Amino acid sequence: MGTRRKSRELTMQMLFQGDLGKQAPEQVQKLFWASVEDVDAETRGFAEDLYRIATTRDEEIDKLIEAHAQNWRLERMPVVDRNLLRAAVAEMLGFPNTPAAIIINETLEIGRRFAAPESIHFLNGVLDAIARDVLKTRLA
């Protein structure tokens, strides 16, 4: 597994932990990193960057997700799906030089490992719509 994919996976796991445990971001990071072994500095650094963006821009990210997930409220989405979307949108917003297609593909690969099989089409559709919207906003 590549460094970036591992970072994205770790970010989703931290978001998942915070979401289910209703923990503050600082508490999540402290507990999460205490339980994870063998993560190199580059992988950890990118995961922490993504997590920081996801937690500091959480309202903006959640609004984007809700606006593009037709007929779905965030609280009704499976926890894994919700946090995969949050991590991907955080990367789209925080790392505009990373092509959206790569972010979406990586998210789907992580989703194949952690989410239900029927979630893949949902994730793809929502992220594609968000990516088009984010790109349109950047070009405006």
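These numbers come from a predicted model, not from an experiment. Residue numbers restart at each chain and count upward from 1, following the sequence in its written direction. Local features in this predicted model are restricted to residues whose pLDDT is 70 or higher, and side-chain atom pairs enter the listing and the counts only when it is 80 or higher, whereas totals over whole chains, interfaces and linings include all residues. Side-chain calculation: all heavy atoms of the structure are included, whereas hydrogens and water are not.

Participant: I'd like a description of the packing of aromatic side chains, backed by residues and values.
Facilitator: Note on aromatic contacts: the rings of Phe and Tyr and the six-membered ring of Trp form a pair at centre separations within 6.5 Å, being stacked when their planes are under 30 degrees apart, edge-to-face when over 60 apart, and tilted otherwise. Going through the model one piece at a time under the given rule, you end up with three aromatic pairs. Arranged with centres 5.1 Å apart and planes meeting at 65 degrees, the rings of phenylalanine 46 and phenylalanine 95 form a pair that is edge-to-face. Of this pair, phenylalanine 46 sits in helix α3 (residues 41–56) while phenylalanine 95 is found in the loop between α5 (79–94) and α6 (100–114), placing the two residues 49 residues apart along the sequence. Phenylalanine 95 gets classed as partly exposed once you look at its relative accessible area, which sits at 21%. Runs of H or I in DSSP of at least four residues are treated as helices and runs of E of at least two as strands, each being numbered from the N terminus. When accessible area is computed with a 1.4 Å probe and restricted to protein chains, residues below 20% of their type maximum are described as buried, those above 50% as exposed, and intermediate ones as partly exposed.

Participant: Describe the pattern of salt bridges, naming the residues involved and giving the relevant values.
Facilitator: In what follows, salt bridge is the name for a side-chain nitrogen of Lys or Arg lying within 4 Å of a carboxyl oxygen of Asp or Glu. Per the stated rule, a full pass over the model turns up 15 salt bridges. For aspartate 49, the salt bridge is made with arginine 52, and the minimal N-O distance between the two is 3.7 Å. With a gap of three residues between them, aspartate 49 and arginine 52 both fall in helix α3, about one helical turn apart. Aspartate 62 is paired through a salt bridge with arginine 86; the nearest N and O atoms lie 2.8 Å apart. In this pair, aspartate 62 is assigned in helix α4 (residues 58–68) and arginine 86 in helix α5, connecting sequence segments 24 residues apart.

Participant: I'd love a proper account of the side chain of threonine 43, names of residues and values included.
Facilitator: One can find threonine 43 in helix α3. We classify threonine 43 as buried; its relative accessible area is 3%. Other than its neighbours up to four places away in sequence, threonine 43 contacts Thr3, Lys6, Ser7 and Leu10. We call two residues in contact whenever any of their non-hydrogen atoms come within 4.5 Å of each other.

Participant: Residues and numbers for the nonpolar core, please.
Facilitator: Ranked by size, the top nonpolar core spans 39 residues in total, and within it Ile65, Leu85 and Val89 carry the most contacts. Of all the secondary structure elements, the ones that give two or more residues to this core are α1 (3–21), α2 (25–35), α3, α4, α5, α6 and α7 (119–139). Beyond its immediate sequence surroundings of up to four residues, valine 89 is in contact with Ile61, Leu64, Ile65, Leu127 and Ile130. The criterion is simple. A nonpolar core is a set of buried Ala, Val, Leu, Ile, Met, Phe, Trp, Tyr and Cys residues joined through side-chain atoms within 4.5 Å.

Participant: Account for the packing of α3 against α5, with residues named and values stated.
Facilitator: Working convention: axes come from line fits to C-alpha atoms, limited for helices to the stretch in contact. Angles between N-to-C directions cover 0 to 180 degrees. α5 packs onto α3 with a crossing angle of 95 degrees between their chain directions and a minimal axis gap of 8 Å. When the axis of α3 is compared with that of α5, the two are roughly perpendicular. Listed contacts from α5 to Phe46, Leu50, Ile53 and Ala54 of α3 are Arg86, Ala90, Glu91 and Gly94. For the contact of α3 with α5, the class distribution of residues is five nonpolar, one polar and two charged. These descriptions rest on fixed angle ranges, namely under 35 degrees for roughly parallel, over 145 for roughly antiparallel, 65 to 115 for roughly perpendicular, and the rest for oblique. Note on residue categories: nonpolar means Ala, Val, Leu, Ile, Met, Phe, Trp, Tyr, Cys or Pro, charged means Asp, Glu, Lys or Arg, and polar means any other residue, Gly included.

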